[in-house]
Amino acid sequence: MTETGFEPKIVAFVCNWCSYVGADIAGSMKLKYTPNVNLIRVMCSGRVDPEFIMEAFRGGADGVMVLGCHPGDCHYIEGNYNTLKRYSMLKPLLDQFNIEQDRLYLDWVSASEGEKFARVMDEMNDRITQLGPLNWDKVIDTRQGGEV
Amino acid sequence: MSDKPKIGIYWCSSCGGCEEAIVDLNETLLDVVAAVDIVFWPVAMDFKYEDVENLEDGELLASFINGAIRLSEQEEIAKLLRRKSQLVFAFGSCAIMGGIPGLANMTNREEVFTRVYKEMESNDNPENTVPQTEILVDGKYNLKLPEFFNSVYPLDQIIPVDYYIPGCAPSPDTIKDAFTAILEGKLPEKGTVLSPNKSMCDTCPRKETKPDKVEIEKFTRPHQYDKLDDGKCFLEAGIICMGPATRGGCGERCINANMPCRGCYGPSNNVKDQGLRMLSVLASIIKSDKEEEIAEVLATLPDLIGPLYMYGLPSSILFHKRIE
Amino acid sequence: MPDKHISIRPITRLEGHGNIEIFLDNEGNVERAFLQVPELRGFEKFSEGRPAEEMPRITPKICGVCPTAHHMASQKALDDLYNVNPPLPAKKIRELMYSAFMIEDHAIHFYFLGGPDFVVGPDAPKSERNILGVIDKVGLEAGKVVIKNRKQCREIITALGGRVIHPVSGLPGGVSKGIAEEDLEKFKQYTDEAVEFGQFTVQLFKDIVLKNEEYVKLITSDPYTHKTYYMGLVDENNHVNFYDGKIRVVNPEGKEFVKFDGRDYKKHISEHVEKWSYIKFPFLKNVGWKGFVDGQDSGVYRVAPLARLNASDGLATPLAQKEYEFMYETLGGKPVHHTLAFHWARVIELLYAAERLQELINDDDILNPDIRTIPDSIPNEGIGIVEAPRGVLIHDYATDEQGIMKKANLLVATVHNSAPIAMSIEKAAKGIIKNFQVNDGLLNMVEMAFRAYDPCLACATHSLPGNMPLRIKIFKSDHTVHDVIERM
Ligand code: SF4
Ligand code: SF4
Ligand code: SF4
Ligand code: FES
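All chains use their own residue numbering, which begins from 1 and follows the written sequence. Both sets of labels track the order of writing: A upward for chains, 1 upward for ligands. Reporting in this predicted model follows two pLDDT cut-offs: at least 70 for local features of residues, and 80 or more for side-chain atom pairs to be given and counted; totals over whole chains, interfaces and linings ignore these cut-offs and use all residues. The basis for every side-chain value is the complete set of non-hydrogen atoms in the structure, without hydrogens or water.

A word on the overall build of chain B
The criterion, for reference: Under the scheme used here, helices are H or I runs from DSSP no shorter than 4 residues and strands are E runs no shorter than 2 residues, and both carry numbers assigned from the N terminus. When we talk radius of gyration, it's over C-alpha atoms, and the globule rule is simply 2.2 Å times the number of residues to the 0.38. Using a 1.4 Å probe on the protein chains alone, a residue whose accessible area is under 20% of its type maximum counts as buried, one over 50% counts as exposed, and one in between counts as partly exposed. Here, Shrake-Rupley sampling with a 1.4 Å probe gives the accessible areas, and only protein chains in the shown set may cover a residue. We score Asp and Glu as negative and Lys and Arg as positive, and we do not count His or the chain ends. By convention, charge coordinates are those of NZ in Lys, CZ in Arg, CG in Asp, or CD in Glu.
From N to C terminus, chain B includes twelve helices and ten strands. A compact globule built from 324 residues would reach a C-alpha radius of gyration of about 20 Å, and chain B, at 22 Å, matches this within 12%. Taken along its principal axes, the extent of the C-alpha atoms in chain B is 65 × 60 × 30 Å. Residues counted as buried form 65% of the 324 residues belonging to chain B. As displayed, chain B offers around 11,600 Å² of accessible surface, 46% of which is attributable to carbon and sulfur atoms. Taken as two groups, the 34 positive and 50 negative side-chain charges of chain B have centres that lie 3 Å from each other.

Below is the structure:
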C-alpha cells in the first residue's frame, strides 16, 4: 500500500517449464512477494503473442511481465529468442503510445530460481507503483456532449 | 414506388473515394440500379434527412456506409440508418477499421485544433480563434458546427454491422462480388468480411521468391531501395510489406505498382490485430539473438505506427494513444 | 435583428461537408450569407511521427476524387525534402499520369456536375439536369464517348499508380513504375482519342452556351462577377503548367502582382480563421485580409481553371491556345472576372491536358527505365506544389534527420477558394432574393455560383447524376420555421 492507495494490477505470463516452477519453489520456500501479480501459465514464453500483452494493458493491467527460460534453455529451442525480439519491438511501440517502457518487463527465471522469481515480482511491483496507474482505457470519450 | 428492394448508400468521415469506387463499376452499376431502388445516395441523388426518418424501421434491405465516425452528426445518421435497415454493410477501410483518418487516434481534438488553427505557420490568427460548435456572429447570426470527437471510431463501435466490404477503396471486383452475392441471395453468415479469407501472400505474384526463412540485418524503407521492381518479395529486402497479416482479394494492387502492401484490406479471420501480427512476423525475421544487435536493427525502423497501423488503428487492440 | 433565417442545406450538411446559411433583414433582403464547412480530419496533425515516404500514400485520403493531386504534390515535397532531382523520364511519367488525371477529373465535372446546368439548361426540370439529361441532349454516342474516355484515363493511372483511387507509385526522386512496353500502343490510342474528346468538349460548350444569348448574359451578369486577384502555376514562358513551375499572381486588372517560388509561399499567403467554419480563409499577405470583399485592396484571390488562365500568358499546346485566345476575345479581354466562366476555362484546360498527354506518350523517353534517383542526403524541409484541378495545392513538410515527419502544412486547392466561394454565394443570394421572394430558381442560382468552383468540399456533387439537392428553410426571428421550400 502506498500513500496514494494505488495497488498496481500486474499480469505475468510465465513459462510452464521454468519460471512457473520457479514460482512454485518460491512458494514452497515461503518467500513473501507482492500479491499484485496475476500469473498466467503459458507453455513457452514464445507463445505470448504481442496481442496478449497489449490486451492485458487494454484490459486494465498497469504492468505486464513475461518470464521464460534462460537463453539456450527453451524447450522449443527458439521460443525465448523470438520473445526477446518481439519484446524489443513492443518497447518502442509502447513509447509511441505514451506508455512507459518500464511497464513491460521480460526476464529469464529458471526452475531453480525461486528467490529471483520473488525478487523480480517485487521489483516490478515497485516500478509500477512508482509509475502510477496506466489508465489507458480512460481515453477521453467526447461522444456525449462537450465543447469544441 | 416499385416493390424492388430499397437500398441506401451513405458516407461518414470519408474522402469520397469509396463513392468513386461505386461509380467505377460502370456497367455493373446499371445492373444494380435495375435490380434495386437506391432510395438515397447523397453523393448522387436527392435525399433528405426526413425522408429516411419517415421510412418504416427495417424498410431498407441494406445500407452501405463508408467513412469512419468522427463528428456527432455522423453518429446520429449511422444510428438512424441502422434502425431503418435490415442489413448494414461497412464499406471500405475507414468504415471497417477507421482507415487512414484513424491515424488521428495518435492525437486528440485539442492537439488537432492547436496545430491547425493556432500554430500553423501560414496562419494569420493573432487572437487564436478556434471554431466553435455554436457561435453568434456579430451578435446576431446564430451558426452551429457539429462536434469533433477526440477519437475516430470504426462503424461497428457505433452500431452493429452485418457485413464488411474491405479496401481503400474496395477494388471493383470486391464490390462486384458483394453486389452479386446480395442480388442472388447468396450472402454468407453475418459478420463476414466479403473478400477471400486468405493472406495477401497466398496470391502475391512475388510469393515464389519469398524464402522459407527470411532473415534480415536491417529494415529498409521503400525510398532507400533501388530494386523495388525486381519482382522479389519485399520482406526479403527488409521492406515492411503487410502481406502476411492482410486479407487477400485486392488484386495485389500496390505490389503491381512495385510498392509494398500497407494492409488496407484488413486482417484475415485468423488474425486478431493486424499490426501486432505483423510485428510478430517482423520480429521473427530479425537475424540476431542478441539484445544490442536487435536494438541496432530496430533503430532502422523509426516509426511503427505508419507501416503497421496505416489503416487499422481505431479497430485494433491499441485503439488510441494513451492520454494522461 | 434579421427576422428571417434561410438555411440552404446541400445534402452534405448531413455528413458535414458544406452548408449555406442566409440571413435576411427586415425588408426581406439578404444581410449576410455564410458558407460553412463543418468538416475537419486533422491530416496535418496525425502525419506527425510518420515516415515522410509514406506521405504520398497517406495524403491522397484527403480526397478520393483528386487523390492523384495529393499524391503528386506529396512526392514533389519529398524530392525537395531529400534534395533529390528525379531523372527526366521520371518527371515525364509523373506528368503523364497527372495529365490523364486532369482530363478525367475535368470531364467528370463538366459532364456530370457543372455542365448539366448549361447543356440541359438552368431552368430545366431537375430530373433532367444530370448526366442522363446531357446524354439526351448530346446523344447516346457522345455520352458513351465521355464514359469511355474517363475509363481510359483511369486505366492509364491504374497502370502507373497501382490504384486509381489513391495511387501509390510516388517516391522521393522518382516513381516505382513506368509504362510497360506492351501497353504503349494502347495508351497512344487512348491519348489520340483524348485529344479528340477535348476538342469535342470545347466545341460542345461553345455550341450550346455561346449560341444561347441567355447563357451569355447569365455568365456575364453581376451576381456572378467578382474582381479578385488570381493565382496559378506557370512555366518559364508564363504558360499554365499543372505539374511544375512558379506561382504567379495577377491583380484584378490582370497585371502581374507577384511571381514566386512555391517554397516562399508563406511570405505571400496567410490563412484567416473564423469561429463558424472548420475551413480557413487564405489571402494575399501583402495585400491583407479585409473581410469577404473583392477589389484591389482585398487580399482575397482565386484559384482553379479560370484563375489559372487569368494568371498565365497562354497555354503551351496549339489547340488549347487557340481556344484560350477565343475565350478572352469573346469575353472582352483579360482578366475575366465571371465566376461561371470557370466552366469554359475548365474545358479549355481539358483540351490542354489531352494535348500534353499526347506529347508525353509520344516522347522518346517514355519507355526509358531510368525513373528513380535514390536519395542520399539528410532530410530537413520540403515543399511540393502542383495545380490540382481545383487550384494550387501546397504540401509543406518538415522532418527529423531520419525523415520522420515533424510538421506538415497542407494548403488544399479548395481552401484557397473558400473566401471567394463564400462571397460568390452571398452575392448571388443578394442579387436574387428580394422582399422575401425565395423560389426554386434562386436555389439553383446560388448553387451554380457554388458549383462553378467545383469545390471539393462538395465532393458530393462529383458523381452520378450530379444534382445537389437543396432546401431553403425560412426561420422567423423566434427560430420557428416559417416556410420550407424544397427543390424537387
Ligand atoms: S476507405 Fe479509402 S477510399 Fe474509402 S472513404 Fe476511406 S480513405 Fe476514402
Ligand atoms: S510479404 Fe508482400 S511481397 Fe512478400 S509475398 Fe507477401 S505480399 Fe508478396
Ligand atoms: S496491396 Fe495492400 S494496401 Fe495495396 S490495395 Fe492491396 S490490400 Fe490495400
Ligand atoms: S519453454 Fe520456457 S521459454 Fe520456451
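Having seen the model, we can carry on.
Looking at the site of ligand 1
Spelled out, the test is: Note on terminology: near, applied to a residue and a molecule or strand, indicates that one of the residue's heavy atoms is within 4 Å of it. Three classes are used: nonpolar for Ala, Val, Leu, Ile, Met, Phe, Trp, Tyr, Cys and Pro, charged for Asp, Glu, Lys and Arg, and polar for all others, with Gly counted as polar.
Neighbouring ligand 1 are Ser14(B), Cys15(B), Gly17(B), Cys18(B), Gly92(B), Ser93(B), Cys94(B), Gly167(B), Cys168(B), Ala169(B), Lys61(C) and His166(C). Surrounding ligand 1 are residues belonging to chains B and C, so the site spans chains. It is helix 5 (residues 92–97) of chain B that provides the largest number of residues to the shell around ligand 1, a total of three residues. Of the residues belonging to the shell around ligand 1, the class tally is five nonpolar, six polar and one charged.

A few points about helix 1 (residues 19–28) of chain A
Residue and element names in this part refer to chain A. Selection criterion: Our arc is simply the arc of the directions from the helix axis toward the C-beta atoms. Contacts: residue pairs with any heavy atoms within 4.5 Å of one another.
If you check which residues of helix 1 are buried, you get Ser-19, Gly-22, Ala-23 and Ala-26. Buried residues along helix 1 cover an arc of 100° about the axis, so they all sit on one side. Residues of helix 1 that are exposed and point over 90 degrees away from its buried face: Asp-24 and Ser-28. Residues of helix 1 that are buried make contact with strand 1 (10–15), strand 2 (37–42), strand 3 (63–68) and helix 4 (114–131).

Describing the domain arrangement of chain B
Residues and elements named next belong to chain B. What counts, and what does not: Source of the domain bounds: an automatic or database domain assignment. Once two parts are brought into contact, the accessible area they lose, counted with a 1.4 Å probe and summed over both, makes up the buried area. What counts as a salt bridge is simple: a side-chain nitrogen of Lys or Arg found within 4 Å of a carboxyl oxygen of Asp or Glu. Whenever two N or O atoms come within 3.5 Å, that pair is a polar contact, provided that in protein one can donate a hydrogen and the other can accept it, and provided that, for residues adjacent in sequence, both atoms are side-chain atoms.
Annotation of chain B at the domain level lists domain 1 (6–100 + 151–183), domain 2 (109–149) and domain 3 (200–308). Inter-centroid distance (C-alpha atoms) of domain 1 to domain 2 is 30 Å. Of the residues lining the interface, eight residues belong to domain 1; the matching set on domain 2 comes to four residues. Looking at the side of domain 1 facing domain 2, the largest losses of area belong to Arg-70, Leu-71 and Ser-72, adding up to 71% of the total buried there. Our enumeration of links across domain 1 and domain 2 arrives at zero salt bridges. Connecting domain 1 to domain 2 are one residue pair in polar contact (both at pLDDT 80 or more). Mapped onto the side of domain 1 that touches domain 2, the elements with two or more residues apiece are strand 4 (69–71), helix 4 (72–84) and strand 9 (148–153). Residue composition of the side of domain 1 that touches domain 2, grouped by class: three nonpolar, two polar and three charged.

Digging into the pattern of salt bridges
As enumerated under the stated definition, the model contains 49 salt bridges over all chains in all. Its salt-bridge partner being Asp303(B), residue Arg50(C) comes within 3.0 Å of it at the nearest N-O pair. One end of the pair, Arg50(C), is in the loop between helix 2 (43–46) and helix 3 (55–58); the other, Asp303(B), is in the loop between helix 11 (291–298) and helix 12 (305–308), on a second chain. The pair formed by Arg50(C) and Asp303(B) is uniform in burial state, with each residue classed as buried. Residue Glu256(C) pairs with Arg248(C) through a salt bridge whose shortest N-O separation is 2.7 Å. Taking the relative accessible area as the measure of exposure, Arg248(C) reaches 8% and is therefore buried. Counted as one network, the salt bridges with shared partners bring together Glu20(B), Asp24(B), Glu104(C), Arg150(C) and Arg154(C).

Regarding the environment of Asn125(A)
Residue and element names in this part refer to chain A. Residue position: Asn-125 is located in helix 4. In this structure, the C-alpha to C-alpha distance between Asn-125 and Ile-10, residues 115 residues apart in sequence, is 7.6 Å. Apart from the residues within four sequence positions on either side, Asn-125 is in contact with Pro-8, Ile-10, Thr-34 and Asn-36.

With respect to the interface of chain A and chain B
The partner chain B presents 45 residues to the 36 residues of chain A that form the contact. On inspection of chain A and its partner chain B, the count reaches two salt bridges. Glu100(A) is the salt-bridge partner of Arg322(B), the closest N and O atoms lying 3.1 Å from each other. On inspection of chain A and its partner chain B, the count reaches 13 residue pairs in polar contact (both at pLDDT 80 or more). Of all the elements in the fold, those that place two or more residues in the side of chain A that touches chain B are helix 2 (50–58) and helix 3 (79–96) of chain A. Of the residues belonging to the side of chain A that touches chain B, the class tally is 16 nonpolar, eight polar and twelve charged.

A few points about unusual backbone geometry
Residue Ala169(B) is reached from Cys168(B) by a cis peptide bond, and omega for that bond is -15°. Along the polypeptide, Ala169(B) turns up in the loop between strand 10 (163–165) and helix 7 (172–183). Despite not being glycine, Asn98(A) has its phi angle at roughly 65°, a positive value. Relative to the assigned elements, Asn98(A) resides in the loop between helix 3 and strand 4 (104–108). Look at Asn98(A) and you get partly exposed, because its relative accessible area is 27%.

A few points about the interface of chain B and chain C
Going by this rule: A pair of strands is treated as paired once DSSP finds two or more bridges between them.
Facing 90 residues of chain B, the contacting portion of chain C comprises 97 residues. The junction of chain B with chain C conceals about 7,900 Å² of combined surface from both sides, 59% of it contributed by carbon and sulfur atoms. When the buried surface of chain B facing chain C is broken down by residue, Glu20(B), Tyr141(B) and His223(B) rank first, second and third, together holding 9% of it. At the junction of chain B and chain C, the tally comes to eight salt bridges. For Glu20(B), the salt bridge identified is with Arg154(C), shortest N-O distance 3.2 Å. Viewed at the interface, chain C and chain B are joined by 25 residue pairs in polar contact (both at pLDDT 80 or more). Counting residues per element, the side of chain B that touches chain C draws most heavily on helix 6 (residues 109–119) of chain B, at six residues. Residues that form the side of chain B that touches chain C fall into these classes: 51 nonpolar, 18 polar and 21 charged. Where strand 6 (residues 123–124) of chain B and strand 9 (residues 269–272) of chain C come together, two bridges link them in parallel fashion. Paired with Asp124(B) across the two strands is His272(C), which belongs to strand 9 of chain C.

Points about the pairing of strand 3 of chain A
The side chains of a regular strand alternate, residue by residue, between the two faces of the sheet. All names here are of chain A. Here is the rule: Every crossover in which the path from the first strand over the helix to the second runs clockwise, viewed with the strands pointing away from the viewer, is termed right-handed.
Burial of strand 3 is extensive: six of the six residues sit out of reach of the surface. Here strand 3 shows a buried face lined by Gly-63, Met-65 and Leu-67 and a second buried face lined by Val-64, Val-66 and Gly-68. As defined by bridge partners, strand 1 adjoins strand 3 across five bridges and the pair is classed as parallel. Residue pairing for strand 3: Val-11 is matched across the bridge by Val-64. Of the strand pairs in this sheet, strand 3 and strand 4 are connected by five bridges, and their pairing is parallel. Within strand 4, the position partnered with Leu-67 by the bridge is Asp-107. Since strand 3 and strand 4 lie parallel, the crossover through helix 3 that links them has a hand, and here it is right-handed.

Observations regarding the sheet that holds strand 14 (residues 405–411) of chain C
Residue and element names in this part refer to chain C. As a reminder of what qualifies: A fitted line through C-alpha atoms represents every axis, and for helices the fit uses only the stretch in contact; the resulting angles, taken between N-to-C directions, go from 0 to 180 degrees.
The three strands lie next to each other as 12-13-14, forming an open sheet whose pairing is antiparallel. Strand pairing shows two members of the sheet lacking a second neighbour, strand 12 (381–388) and strand 14, which therefore form its edges. Within this sheet the neighbouring strands show an average axis-to-axis angle of 10°, counted without direction. As defined by bridge partners, strand 12 adjoins strand 13 (residues 391–399) across eight bridges and the pair is classed as antiparallel. Bridged to Val-386 within strand 13 is Leu-393.

Regarding the nonpolar core
Under the convention used in this document: We define a nonpolar core as any set of buried Ala, Val, Leu, Ile, Met, Phe, Trp, Tyr and Cys residues linked to one another through side-chain atoms lying within 4.5 Å.
The biggest cluster of nonpolar side chains holds 264 residues, and the ones touching the most others in it are Ile53(A), Met54(A), Phe64(B) and Leu155(B). Every residue in contact with Leu155(B), bar those within four places of it in the chain, is listed here: Ile65(B), Ile69(B), Ala78(B), Val88(B), Ala90(B), Ala95(B) and Val161(B). The next biggest cluster of nonpolar side chains, apart from the first, holds 18 residues, and it includes Tyr229(C), Phe260(C), Ile269(C) and Val303(C).

Points about the site of ligand 3
Ligand 3 sits among Met200(B), Cys250(B), Arg253(B), Cys254(B), Cys261(B), Arg262(B), Gly263(B), Cys264(B), Tyr265(B) and Arg163(C). Positioned at a junction of chains, ligand 3 has nearby residues supplied by chains B and C.

A few points about helix 2 of chain A
Burial of helix 2 of chain A is extensive: seven of the nine residues sit out of reach of the surface. Among the residues of helix 2 of chain A, those classed as buried are Pro50(A), Glu51(A), Ile53(A), Met54(A), Ala56(A), Phe57(A) and Arg58(A). Where helix 2 of chain A is buried, its residues touch strand 1, strand 3, helix 3 and strand 4 of chain A together with helix 10 (274–285) of chain B. Where helix 2 of chain A ends, the next residue or the one after it, Gly60(A), has phi of about 120°, a positive value.

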